[in-house]
Amino acid sequence: MTRTNLSMPAGPNASGLQAYRAQLLYFRDTPKAEDEACEWIRDGLLVVRDGRIEQCGEYDRLIKELPPGTAVKDWRGRLITPGFIDTHIHYPQTDMIASPAPGLLPWLETYTFPTERRFENPEYAHDVARFFLDELLRCGTTTALVYCTVHPGSAQAFFEESHARNLRMVAGKVMMDRNCPEYLRDTAESGARDSEDLIGRWHGTGRQMYALTPRFAPTSTPEQLGLCGELAKRYQDVFIQSHVSENRDEVKWVMSLFPGYRSYLDIYDQYGLLRPRSVYGHCVWLDDDDRRRMRDAGAVAAHCPTSNQFLGSGLFDFAAAKSFGMPVALATDVGGGSSFSMLLTMNEAHKVARLSGHYLTARRMFWQATQGAAKHLGLTGRIGTLEPGAEADFIVLDPKATPLLERRSALADSLEELLFALAMLGDDRAIAATYAAGREVHRREEG
Ligand code: GUN
Ligand code: ZN
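Everything quoted here is computed from the prediction, not taken from an experiment.

The textbook angles at a metal center are 109.5 degrees for a tetrahedron of four donors and 90 or 180 degrees for an octahedron of six. Only His 88 (NE2), His 90 (NE2), His 243 (NE2) and Asp 333 (OD) from the protein coordinate the zinc ion (ligand 2), and they sit 2.0 to 2.2 Å from it. The site at the zinc ion (ligand 2) holds 4 donor atoms, and with the angles between them running 90 to 165°, its shape is irregular. Expressed as a motif, the donor residue spacing for the zinc ion (ligand 2) is H-x1-H-x152-H-x89-D. In this pair, His 90 sits in strand E5 (residues 84–90) while Asp 333 sits in the loop between strand E13 (328–330) and helix H13 (342–355), placing the two residues 243 residues apart along the sequence. Judged by its relative accessible area of 3%, His 90 is buried.

With that settled, the discussion passes to helix H3 (residues 104–117). Taking 1.5 Å of rise per residue, 14 residues should cover 20 Å, and H3 covers 18 Å from first to last C-alpha, within 8% of that figure. Along H3, the sharpest change in direction is near 35° and occurs at Tyr 111; proline Pro 114 comes one to four residues later. Buried within H3 are the following residues: Leu 104, Trp 107, Leu 108, Thr 112, Phe 113, Thr 115 and Glu 116. Elements in contact with the buried residues of H3: helix H8 (248–257) and helix H11 (305–310).

As enumerated under the stated definition, the model contains 30 salt bridges in all. For Glu 116, the salt bridge goes to Arg 215, with nearest N and O atoms at 2.9 Å. Taken together, the positions of Glu 116 in helix H3 and Arg 215 in the loop between strand E9 (208–214) and helix H7 (222–234) put the pair 99 residues apart, joining distant regions of the chain. Via salt bridges that share partners, Arg 262, Asp 287, Asp 289, Asp 290 and Arg 292 belong to a single interconnected network.

Further remarks concern the site of ligand 1. Around ligand 1, the neighbouring residues are His 90, Gln 93, Leu 104, Trp 107, Leu 108, Arg 215, Phe 216, His 243, Glu 246, His 282, Ser 307 and Asp 333. Between ligand 1 and Glu 246 there is a distance of 2.7 Å, counted from a nitrogen atom to a side-chain nitrogen or oxygen. Here a nitrogen atom of ligand 1 sits 2.8 Å away from a polar atom, N or O, in the side chain of Asp 333. Taken by itself ligand 1 offers 280 Å² of open surface, and the protein chains cover 100% of this. Sorting elements by how many residues they give to the shell around ligand 1 places H3 first, with 3 residues. Residue classes in the shell around ligand 1 are distributed as 4 nonpolar, 5 polar and 3 charged.

Looking now at the pairing of E5. Within E5, 7 of the 7 residues are buried, which leaves it mostly tucked inside the rest of the structure. Bridge analysis of E5 against strand E6 (residues 141–147) gives 5 bridges, and the strand direction is parallel. Paired with Ile 89 across the bridge in E6 is Val 146.

Counting across every chain of the model gives 1 cavity of 30 Å³ or more. Lining the largest cavity, in full, are His 90, Gln 93, Leu 104, Trp 107, Leu 108, Arg 215, Phe 216, His 243, Glu 246, His 282 and Asp 333. At 3 residues, H3 tops the list of elements feeding residues into the lining of the largest cavity. Per-class residue counts for the lining of the largest cavity are 4 nonpolar, 4 polar and 3 charged.

In this section: the packing of aromatic side chains. The geometry of an aromatic ring pair comes down to the distance between the two centres and the angle between the two planes. Enumeration according to the criterion identifies 18 aromatic pairs in this entry. Taking the centre distance of 5.1 Å and the plane angle of 70° together, the rings of Tyr 20 and Phe 394 count as edge-to-face. Separated by 374 residues along the polypeptide, Tyr 20 in strand E1 (residues 17–27) and Phe 394 in strand E14 (residues 394–397) bring together distant segments of the chain. Each member of the pair, Tyr 20 as well as Phe 394, carries the same accessibility label: buried. Plain terms: the ring middles of Phe 258 and Tyr 261 are 5.9 Å apart, the flat faces sit at 80° to each other, and that makes the pair edge-to-face. In this structure Phe 258 comes out as buried when scored by relative accessible area, which is 3%. A relative accessible area of 23% means that Tyr 261 is categorised as partly exposed. An aromatic cluster is built from Tyr 91, Phe 119, Tyr 124, Phe 132, Phe 158, Phe 159, Trp 202, Tyr 210 and Phe 340, whose rings are joined through pairwise contacts.

The next point concerns the UniProt feature "domain: Amidohydrolase-related" (unreviewed entry) in the chain. Under the feature "domain: Amidohydrolase-related" (unreviewed entry), the UniProt entry names residues 80–441. A distance of 15 Å separates the end C-alpha atoms of residues 80–441, which is 44% helix and 17% strand.

Across the interface, helix H14 (residues 362–369) lies against helix H17 (residues 415–425) with an axial gap of 8 Å and an inter-helix angle of 65°. Mapping the contact onto sequence places Ala 362, Arg 363, Met 365 and Phe 366 in H14 and Leu 415, Glu 416, Leu 419, Phe 420, Leu 422, Ala 423 and Met 424 in H17. Partitioned by chemical class, the residues of the contact of H14 with H17 number 9 nonpolar, no polar and 2 charged.

This next bit is on the packing of H13 against H14. The N-to-C vectors of H13 and H14 enclose an angle of 130°; their axes lie 10 Å apart at closest approach. With respect to their mutual orientation, H13 and H14 come out oblique. At the point where H13 passes H14, the crossing takes the right-handed sense. Residues Met 342, Leu 343, Met 346, Ala 349 and His 350 of H13 lie in contact with H14, whose contacting residues are Met 365, Phe 366 and Ala 369. Of the residues belonging to the contact of H13 with H14, the class tally is 7 nonpolar, 1 polar and no charged.

Cut-offs and rules
Residues numbered from 1 in each chain as written. Chains lettered and ligands numbered in written order. Predicted model: local features only at pLDDT ≥ 70, side-chain atom pairs only at ≥ 80, totals over all residues. Heavy atoms only, no water. Donors = N, O, S within 2.8 Å, 3.2 Å for Na, K, Ca; no water. Tetrahedral: all angles 85-135°; square planar, octahedral: opposite > 155°, others 65-115°. Helix = DSSP H or I, 4+ residues; strand = E, 2+ residues; numbered from the N terminus. Buried < 20%, exposed > 50% of the residue type's maximum accessible area, 1.4 Å probe, protein only. Expected span 1.5 Å × (residues − 1). Bend = angle between axes of the 7 residues up to and from the residue. Contact = heavy atoms within 4.5 Å. Salt bridge = Lys/Arg side-chain N within 4 Å of Asp/Glu carboxyl O. Near = heavy atom within 4 Å. Polar contact = N/O pair within 3.5 Å; in protein donor to acceptor, adjacent residues only side chain to side chain. Areas by Shrake-Rupley, 256 points an atom, 1.4 Å probe, with all protein chains shown as cover. Nonpolar A, V, L, I, M, F, W, Y, C, P; charged D, E, K, R; others polar. Pairing = 2+ DSSP bridges. 1 Å grid on protein atoms, 1.4 Å probe; cavity = no way out; pocket = protein on both sides within 12 Å on 5 of 7 lines; lining within 4 Å. Points joined across faces, edges and corners; volume = space filled by probe spheres on them. Phe/Tyr/Trp six-rings, centres within 6.5 Å; stacked < 30°, edge-to-face > 60°. UniProt positions renumbered as here; feature names shortened; annotations may be inferred. Axes fitted to C-alpha atoms, helices over the stretch in contact; angles between N-to-C directions. Parallel < 35°, antiparallel > 145°, perpendicular 65-115°, else oblique. Left-handed = near helix turned anticlockwise from the far one by under 90°.

Dropping the structure here:
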């Protein structure tokens, strides 16, 4: 039998079959706690055919079943996991990441809105979308829930770039018809019409999916939220994404704009925007009734630790989220967030949990960034796993990526310690390669 090794090109053979030898880590879809659902195969083989995972198991067993001539890529010493899922990120804010401001509202006015104006130019939008996707893949993120700008062309450009690479992405045109510069406004009617048009063009086109994207309650009139709610009802499998309870000043402002509602979250609820496949960024200042309501509605909290710290928004309360069973996933929130890396995001999430008296294991964070996110988004079995039948979106993590990581991970004597070292010391350098639908879409340069 011929096998390829690292030094040989390893494209799929004529049957579309390709295999990868490495440590394998994923979480099965079971109601059990993620620790028990965790599958760790120390010498594993991942078999991929035509963009899907065909087999995942012990190398010794599966190698005997491979047809002669199948290429086997040798990633021994590395760890293959499902690609990361970032549940809240703004592609138009790529060029303004790391812009200083004393909090969310001045940051939006000073940097965000002027930057987003540039997306009236589709050429610029394409250029940023390409860079943005490269950066996600370099960091091991294969699926993201992406905000575009108010311009329908910004979403069109994003979807075209993502579709051309056959990535599984969720995105939407921002809806915003008040409390923002004139140059970034749609109207309740045009926002709904353009969103519906984009749903028709892109939701389910290849691997693209649409998210209705009212930016946040203060920048939408009640009429706009009402039309958005109608679309949410008409298109049940489309996503909804927005921001909620990120910052104290924002919460005060919202409550003055929408008097009579029980809470900020309640506004979205009353407009029919809390349901499965709705994803709310931040959720820092929710109360327990809100958390209960998120759980009952099947809505997901996208926890954005680097952004919450960068903008001084507050500490997400993991313990409260857990006690009310509120679904939580991780997110970068670039450009409020300061990194595209989900490993770095885990690092910060762990510290935020510690500060609120909670302890997040590395296993739980890897679950949240893969299988857990897929489950909360209604994408179980399609992404976030290495189980047969899933789309072959996976990454190769390198525990020797830096001298320090190599030294620390050599002493790791459990899976938890190894994952913890990757989360605390890793970033884009720890991603040796990224695969989307079975195709290599990123390979780290060897230094
Ligand atoms: N709230 C409304 N818009 C935004 C945004 O672009 N970033 C963050 N972090 N919060 C928001
Ligand atoms: Zn955001």
